[in-house]
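Observations on the three-dimensional arrangement
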Amino acid sequence: MSKIIRIGTRDSELALWQANTVKDKLEELGYQTALVPVKSTGDLVLNKPLYEMGITGIFTKTLDVAMLNGDIDIAVHSMKDVPTALPKGIVQVAVLKRANYLDILAFKDNEEFLGSRDAVIATGSLRRKAQWLNRYPTHTVVDIRGNVNSRMQKLNDNDWNGAIFAAAGLDRIGLEHEHTIGLTWMLPAPAQGAIMVVALEDDDFVREACAELNHEPTATCTQLEREFLRLLEGGCSAPIGALAYINNEDEVTMKGVLLAIDGTKKLEAEFSAPLGQHENLGRDCANSILSRGGKNLMGEIQRDSASIEIFSTKKLTQDQRFLFKNELQVDSEDFVKTSPNRIPAKVLKAKMQNVIITSQNAVEALLTNVSAQELQFENIYCVGRRTRRLIEDRIGKVKHFEKNAKKLAEHMVDHLEGTEVTFFCSNMRMDDVPDILTNSGITVNEIEAYKTKFTPVAVPENVKAVLFFSPSTIESYLELNTPDKQAYCIGESTAKEARKHFSQVLVAKIPSVESVVDLVNDNYKN
């Protein structure tokens, strides 16, 4: 036992905890060890979700190279991060006893949002995102990256309702959150909660030493889960969950799930067999799912991620998607979400001589607080034809409208009756209206009618053009993405913000989604 076993590990707190666990167990058996922390690609690149990097072994690649170069003798991994096919010359030598395999939701304040139509949940996992949206289809899922500590800090720093974590990860580093729920309905990642040790195939000394650490029941179950994953040809790029367990009667049960990325499709399988006759359970689950539409669904997932050229920062309806030229592949998500504020009825029922409404969201927010009959607006000024149409359908006559806020404010300076206006706006609003009016001696009373929240997603690398519908969608986009693409904007205010960041900016002739689509059809690739 004179050889010192060099233990390679990532240098995050969780990875070091896992490596030290292996170190302690080996030393208890009488072996000499030394830790060799190595920074991985997965730790260094944090601005994109794992599934956008196109590398299933992103957290293992660096350690694999170090081992093949002879710099380390073993590597310790979270087993769920390890590709199902190990590099030539490297083999699995031990699986430690599995910890809690559940996903948990860490949330703020209370659980009321679970019963609400709108909520924002953070996760960097496609599997968690798809299962959450399958259960809560109206919620918004935003991307989150980083180690466990940084993700928990991001939850605390943002106005998200919650974020999803692996229970084992939090337990191992002693990180607690005040409010958590075990997501017993969510199938974990294959081998979640297990620690794997790998070594060189021809290193008999190390293989013999690590074999004493192996927990056979965990090795049995995780092998089935990883076989299921391998046969579905998944990895970090597809929403795949799996769980195998052995009950008290020595019966092995295997469960598997495959979902569409947006959660709209879900295929499940479950099989059981006595221990000793369980070897094909992972294969049976995979074949069952593949034969019931799983093969087509995997094809859709792979095609979607590889072929998308255009990305809209506003969720498009099916009719709007059909407006694009046939050869253009388009995806969309809402990069901002709005929610109405509670405004005292006494405030809204008061007589107001001049009112400014710059969006349809403000109209909806007003009418969630009081009825249209209770509003006493004498002169209504608004931005956009559609906002005007909505106001006149739901509230009353519009005195004047313009296509952007700057032009509206300039008109009001010259034609306003009186010297005071009430501006129903968002917590995020452009400065044009209050600045122009105030500088002209007009008093602006701002009432925050609704809140705007950023809900960005990381767009695929192959996207060449992005559609923007407000300055706030640009701000949201830039939180996770780079401005090295064409920007198609709904109006001049949006374009003005885009020009601060993008080199190629085009503006629609009419401020409508359909006009932006026409702009793309006329200019993209021309």
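These figures come from a predicted structure and were not determined experimentally.

Here is what the cut-offs are and how they apply
Residues numbered from 1 in each chain as written. Predicted model: local features only at pLDDT ≥ 70, side-chain atom pairs only at ≥ 80, totals over all residues. Heavy atoms only, no water. Helix = DSSP H or I, 4+ residues; strand = E, 2+ residues; numbered from the N terminus. Buried < 20%, exposed > 50% of the residue type's maximum accessible area, 1.4 Å probe, protein only. Pairing = 2+ DSSP bridges. Axes fitted to C-alpha atoms, helices over the stretch in contact; angles between N-to-C directions. Phe/Tyr/Trp six-rings, centres within 6.5 Å; stacked < 30°, edge-to-face > 60°. Polar contact = N/O pair within 3.5 Å; in protein donor to acceptor, adjacent residues only side chain to side chain. pLDDT = per-residue confidence, 0-100. Contact = heavy atoms within 4.5 Å. Patch = residues over 30% accessible without salt bridge, like charges linked within 9 Å, V, L, I, M, F, W, Y side chains within 5 Å. Areas by Shrake-Rupley, 256 points an atom, 1.4 Å probe, with all protein chains shown as cover. Salt bridge = Lys/Arg side-chain N within 4 Å of Asp/Glu carboxyl O. Lys, Arg positive; Asp, Glu negative; His and termini not counted. Charge placed at Lys NZ, Arg CZ, Asp CG, Glu CD. Right-handed = clockwise from strand over helix to strand, strands pointing away. Parallel < 35°, antiparallel > 145°, perpendicular 65-115°, else oblique. Left-handed = near helix turned anticlockwise from the far one by under 90°. Nonpolar A, V, L, I, M, F, W, Y, C, P; charged D, E, K, R; others polar.

1. A few points about the environment of D171
Mapped onto the fold, D171 is located in helix 7 (residues 167-173). On the basis of relative accessibility, which here comes to 54%, the residue D171 falls in the exposed class. Taking the C-alpha atoms as reference points, D171 and Y245, 74 residues apart in sequence, are found 21 Å from one another.

2. Some words on the sheet that holds strand 4 (residues 90-95)
Taken together, the 5 strands give an open sheet; going across it, the order is 2-1-3-10-4, and neighbouring strands pair in mixed fashion. Edge positions in the open sheet fall to strand 2 (32-37) and strand 4, since each of these has one partner strand only. Each strand of the sheet is rotated relative to its neighbour by a mean of 30 degrees, with strand direction disregarded. Judged from the 5 bridges that link them, strand 3 (residues 74-78) and strand 10 (residues 195-200) form a sheet pairing that is antiparallel. Opposite V76, over in strand 10, you have V197 as the bridge partner.

3. Looking at the packing of aromatic side chains
One pass over the full model with this rule turns up 11 aromatic pairs. Judged by centre distance (5.9 Å) and plane angle (50 degrees), the ring pair of W132 and W185 falls under tilted. Placement of the pair is W132 in helix 5 (residues 126-135) and W185 in the loop between strand 9 (180-182) and strand 10, with a sequence separation of 53 residues. Given the relative accessible area of 25%, W185 is considered partly exposed. Three or more aromatic residues link up through ring pairs in this structure, and these residues are F311, F335, F468, Y477 and F502.

4. Description of helix 5
Helix 5 sits mainly inside the fold: 8 of its 10 residues count as buried. Among all positions in helix 5, only L126, R127, R128, K129, A130, Q131, W132 and L133 are buried. Near the N-terminus of helix 5, the side chain that reaches the backbone nitrogen of R127, with its oxygen 3.2 Å away, is that of S125.

5. Quick notes on the confidence of the model for the protein
Per-residue confidence for the protein averages 89 on the pLDDT scale, and 94% of its residues sit at or above 70. For the stretch residues 41-56, pLDDT sits under 50, and the model shows 41 contacts to residues farther than four places along the chain or on other chains.

6. Focus: a negative patch on the surface
A cluster of acidic residues, E201, D202, D204, E208 and E212, forms a negative patch on the protein surface. Inspection of the secondary structure puts D204 in helix 8 (residues 204-211). Judged by its relative accessible area of 56%, D204 falls in the exposed class.

7. Points about the pairing of strand 23 (residues 486-489)
Where burial is concerned, the two faces of strand 23 agree: the one with Q486 and Y488 and the one with A487 and C489 are both buried. Sheet topology note: the strand 22 (residues 465-468)/strand 23 ladder contains 4 bridges and is parallel. Bridge assignment links V466 to a residue of strand 23, and that residue is A487. Running through helix 17 (residues 471-478), the crossover from strand 22 to the neighbouring parallel element strand 23 is right-handed. One ladder, built from 3 bridges, connects strand 23 with strand 24 (residues 505-507); its direction is parallel.

8. With respect to unusual backbone geometry
One non-glycine residue with positive phi stands out, namely A191, at about 75 degrees. Turning to its location among the elements, A191 is positioned in the loop between strand 9 and strand 10.

9. A few points about the packing of helix 15 (residues 405-415) against helix 16 (residues 432-439)
Where helix 15 contacts helix 16, the axes come no closer than 8 Å and their chain directions differ by 20 degrees. Looking at the two axes, helix 15 sits roughly parallel to helix 16. The way helix 15 lies across helix 16 gives a crossing that is right-handed. The segment helix 15 lies against helix 16, with A405, K406, A409, E410, M412 and V413 engaging D432, V433, I436 and L437. Split by residue class, the contact of helix 15 with helix 16 holds 7 nonpolar, no polar and 3 charged.

10. Details of the pairing of strand 20 (residues 420-426)
Counting buried residues in strand 20 gives 6 out of 7 residues, a clear majority hidden from the surface. The pairing of strand 17 (residues 351-357) with strand 20 spans 3 bridges and is parallel. Its bridge partner being in strand 20, I357 is matched across the sheet by F424. As paired elements, strand 20 and strand 21 (residues 443-454) share 7 bridges and run parallel to each other. Its bridge partner being in strand 21, F424 is matched across the sheet by I447.

11. Focus on the sheet that holds strand 19 (residues 400-402)
The strand order across the open sheet formed by 6 strands is 16-21-20-17-18-19, and the pairing between neighbours is mixed. On the outer flanks of this sheet lie strand 16 (336-340) and strand 19, each paired with one strand and no other. Pairwise comparison of adjacent strand axes, ignoring direction, gives a mean angle of 30 degrees for this sheet. Bridge count for strand 16 against strand 21 is 5 bridges, and the pairing is antiparallel. By the bridge assignment for strand 21, P340 is matched with Y450. Where helix 16 meets the sheet, it contacts strand 17, strand 20 and strand 21, and its direction lies at approximately 170 degrees from that of strand 21.

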